[in-house]
Amino acid sequence: MDSGCWTSRILLAFLCMATAHCHVDAHPGHSGPTFGVTVGIDGRVKLGQWTQIQLHVDAGESTFDGSWQVIVSDGDGFKVTYTSGSELVSVAPSQQSIESMLVRVGRAPWRIEVEVLQQDSVVYSKVVSVGSGIQAIRATDYWIMQVGSKTSVNQLSIRRLVSENEQITDVYVTSLDDVQQLPIHPRALDGIDVIVLGTSDKSQLDSMTESQIVALVNWVKQGGQIVLSAARNAEYLVSSDNPIHALIPGNIQETHEEWIATGIENYIKARERISSARIPGRTSPMLELTDVAGHVEAMDGVGDTGRIPVLIHSRFGFGKVAFAAVDFDLEPFASWADTQRLLHQMIAGEQSGRANSEVFSDQTRGAHAGFDDLSGQLRSQLDHFDNVAPIRFSWIASLLILFILLIGPVDYFVLKRLNRLQLSWLTFTTLVVIFSVVPLLMHSSLHSSTTSIRQVEVVDYDIQSGQLRGTNWAMLYAPEASAVDVNLQIHDDTRPTEQIIGWHGLPGTGLGGLSRRSYQKLLDHEYQANPVNGELRSLPIPHGGTRYIQSRWSRQQQSTVRFELKPDRSRIGIRGTIHNPFDFQLRDVLVYYRGRLYPVKILEPDSVIDLDDLAGDSVSIQGYFTRVKVEGGRSRARPWSTSDESIVRLVQAMMFHKAVGGKSYTGLVHRYDGFMDLSHLLDTNRAVLFGWSTKNHQSEISISGNVSGEVVNNQWSFYRVSFPSLSSGDVATKTDAAVLGD
């Protein structure tokens, strides 16, 4: 072939390439979707608590239709794939969307993997792990989040006020500048202990979405704690129908630009006076409320006349609100040297870890049991199954010592006495076989052949707010290695407003603890979770092993409980009647009021508690739990046992931990499931009814699928009803029929 032909071919190739290049320039390539991931709140997650994962989607030039999932290990090291069920992510061209999902992060070192799928193919993957800028804090750590508040919180000072055990409880403060990171689900806030919310910046209030505000308010109603300062924009919150205004403990009368604050100064024993200088537009007014509901901590004047509540501790549902009728971010508080101390006192309140007197000096009982938190004791108690005797370490140690003695000195001296040392190979082999068979026989004889569940349900009902919430803890046992499906079942025609289910961990560094960095999986198995639909699929349970599950649910329910209550000034107690709120029998019934309780024993359906008849039987709450009567009418101390307490007594301690003495009595902190402690309701003159049943349940955790034989379910259901607050002249009544029940 001549050179001219080669030249023409080369020129033709260049022309084709140029044509193709011009074609690309004229018709730019397709711009596909882009993704981003946000984990936790301001880069923080709390181990063992629900965490919000956000997927940011930019559809690009075409509609994006797909799904996404999050893969993270649970507290036992098993991988969990979290999904949103059948819901697809659909984003229109040139639009952006933020999708949210709830997951629980297991032990450190942890790893979160986010995958976006389109037609079953992974189109995006993001891994977040230790060292990637995200911080995981312990389940027992104290977490404060500030939103719209610029007053700094001193971590060292606040730790001294709130920490019951500084070795297992550190304090973290998050100042959230980007409110977009606020969760849209109340459970995603469960890792937060206190939210400090400032309302002086109206633009920041407007930037919060309705879903975020509703989640925050519902979190408080279900047991959260908030420090709220509102003055300048309080009327705006009401006029704009912002749900936050429901947290204000009274009706807005007016705001005052001129005021004196001696009450605030006296409340914290201020080291300097609050400046009286007024800067127009930059000075906080003082909000005047009427019909205040709560305990007034400080009152201040307006000019020379009148006194208005300025610091108020109130209750909203099961939660706590510390309200300030001024704006801490405005003058004179912004430059006042004692504003930080005031904020610390409002955060700590009755939560001060050093508020309880020392009842018992033994502070190491929980550590010896392998846990430091009261939730660990409940987990341990639920792990005791009928016909299942755990193989104790002492047994294994005794067998090992006996084995060493037999193959060593005993074997030697016996064979030497018989002059048959050459038989050592035979005796050694025989002993090895025997001591290999014995553990197998122990394992088979000590384990049950039936799949079992032991679970505790706690149902709380607040009459004043109509808030009904339920919590279930379930320990699942399987005689053989199994992969089961787990569901949350609500025994009611009314579906809950929200529900969630997932694995539950053990706080601390003990064996199996969330803060323990080393663990060994017994099975290499992954399972799927759709927590908000109350479903776990293919949950692995090791051979002869257990898995621990927790669920929570809530809804609004109109009160139809019959009662007539009023304070008894002569006895510093309560008088009146309470009808059984349920259509079934309650056992070990107690009526709590302030620092005392009234024992009722058994409460039959449709029966009535007459508190006037029980006045002589009332005892102090601490005395009821910490003392026991002996011969001669005397009493002696009743120490708390981390191994032998009954389920009923343990749950009672979880329900009113601070009221019974807190860590100074139990030797354990109550941080992981601390929302269960409603001792603060007793400080607002509320009566609380307690009772339990083993036959009537509002909800339960059930299993199905790969189950050997019939499932044995043992369940305790505890009920707690909170009545409206009583002031000295109040008479609280309700005359409708009771409807709570099956």
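Residues numbered from 1 in each chain as written. Predicted model: local features only at pLDDT ≥ 70, side-chain atom pairs only at ≥ 80, totals over all residues. Heavy atoms only, no water.

Engineer: Give me unusual backbone geometry: which residues, what numbers.
Structural biologist: Looking along the chain, the bond that leaves E331 and enters P332 is cis, with omega of 5 degrees. With respect to the helices, strands and loops of the structure, P332 is situated in the loop between strand 19 (319-324) and helix 7 (339-348). One non-glycine residue, K269, lies in the positive phi region at around 55 degrees. By the element assignment, K269 lies in the loop between helix 6 (262-267) and strand 16 (286-290). Using a relative accessible area of 68% as the deciding quantity, one classes K269 as exposed. Here S538, not a glycine, exhibits a phi torsion of approximately 60 degrees, which is positive. (Helix = DSSP H or I, 4+ residues; strand = E, 2+ residues; numbered from the N terminus. Buried < 20%, exposed > 50% of the residue type's maximum accessible area, 1.4 Å probe, protein only.)

Engineer: Can you tell me about the packing of aromatic side chains, naming the residues and giving the values?
Structural biologist: Under the counting rule described, the total for this entry stands at 18 aromatic pairs. Each ring, one from F333 and one from W336, has its centre 6.2 Å from the other, and the planes form 75 degrees; the classification is edge-to-face. Side by side, F333 and W336 carry an identical accessibility label, which is buried. With a centroid separation of 5.2 Å and an interplanar angle of 55 degrees, the aromatic rings of F403 and F435 are classed as tilted. In this pair, F403 sits in helix 10 (residues 393-417) while F435 sits in helix 11 (residues 424-446), placing the two residues 32 residues apart along the sequence. By relative accessible area, which is 17% here, F435 ends up buried. Within the aromatic cluster, the residues linked to one another by ring pairs are W259, F328, F333 and W336. Positioned over the ring face of F318 is R469, at 4.6 Å from the centre of the ring. (Phe/Tyr/Trp six-rings, centres within 6.5 Å; stacked < 30°, edge-to-face > 60°. Lys NZ or Arg CZ within 6 Å of the ring centre and 35° of its normal.)

Engineer: Lay out the pairing of strand 9 (residues 121-129) in plain terms, naming residues and giving numbers.
Structural biologist: In the sheet, strand 8 (residues 111-118) pairs with strand 9 via eight bridges, with the strands oriented antiparallel. Looking across to strand 9, one finds that V116 is bridged to Y124. (Pairing = 2+ DSSP bridges.)

Engineer: Describe the sheet that holds strand 20 (residues 452-462), naming the residues involved and giving the relevant values.
Structural biologist: Across the sheet, which stays open at both edges, the nine strands sit in the order 23-26-21-20-37-35-29-30-32 with mixed pairing between neighbours. Of all the strands in the sheet, just strand 23 (498-503) and strand 32 (619-620) have a single pairing partner and so form its edges. Inspection of the sheet shows strand 30 (residues 596-603) paired to strand 32 by two bridges, in the antiparallel sense. When the sheet's bridge partners are listed, R596 is paired in strand 32 with S620.

Engineer: Now, about the packing of helix 2 (residues 155-162) against helix 7: what can you tell me, with residues and values included?
Structural biologist: It is the contact of helix 2 with helix 7, at a shortest axis distance of 10 Å, that shows an interaxial angle of 30 degrees. As for the relative orientation of helix 2 and helix 7, their crossing is right-handed in sense. Contacts between helix 2 and helix 7 involve S157, I158, L161 and V162 on the former and, on the latter, H344, I347 and A348. Partitioning the contact of helix 2 with helix 7 into residue classes produces five nonpolar, two polar and no charged. (Axes fitted to C-alpha atoms, helices over the stretch in contact; angles between N-to-C directions. Left-handed = near helix turned anticlockwise from the far one by under 90°. Contact = heavy atoms within 4.5 Å. Nonpolar A, V, L, I, M, F, W, Y, C, P; charged D, E, K, R; others polar.)

Engineer: Report on the sheet that holds strand 3 (residues 50-58), specifying residues and quantitative values.
Structural biologist: Strand order in the open sheet made by the three strands is 1-3-7, with antiparallel pairing throughout. If you trace the sheet from one side to the other, it starts and ends with strand 1 (34-39) and strand 7 (96-104), each paired once. Between one strand and the next, the sheet's axes are offset by a mean angle of 20 degrees, whatever the strand orientation. Relative to strand 3, strand 1 runs antiparallel, the two sharing six bridges. Residue pairing across strands places T38 opposite Q54, the latter belonging to strand 3.

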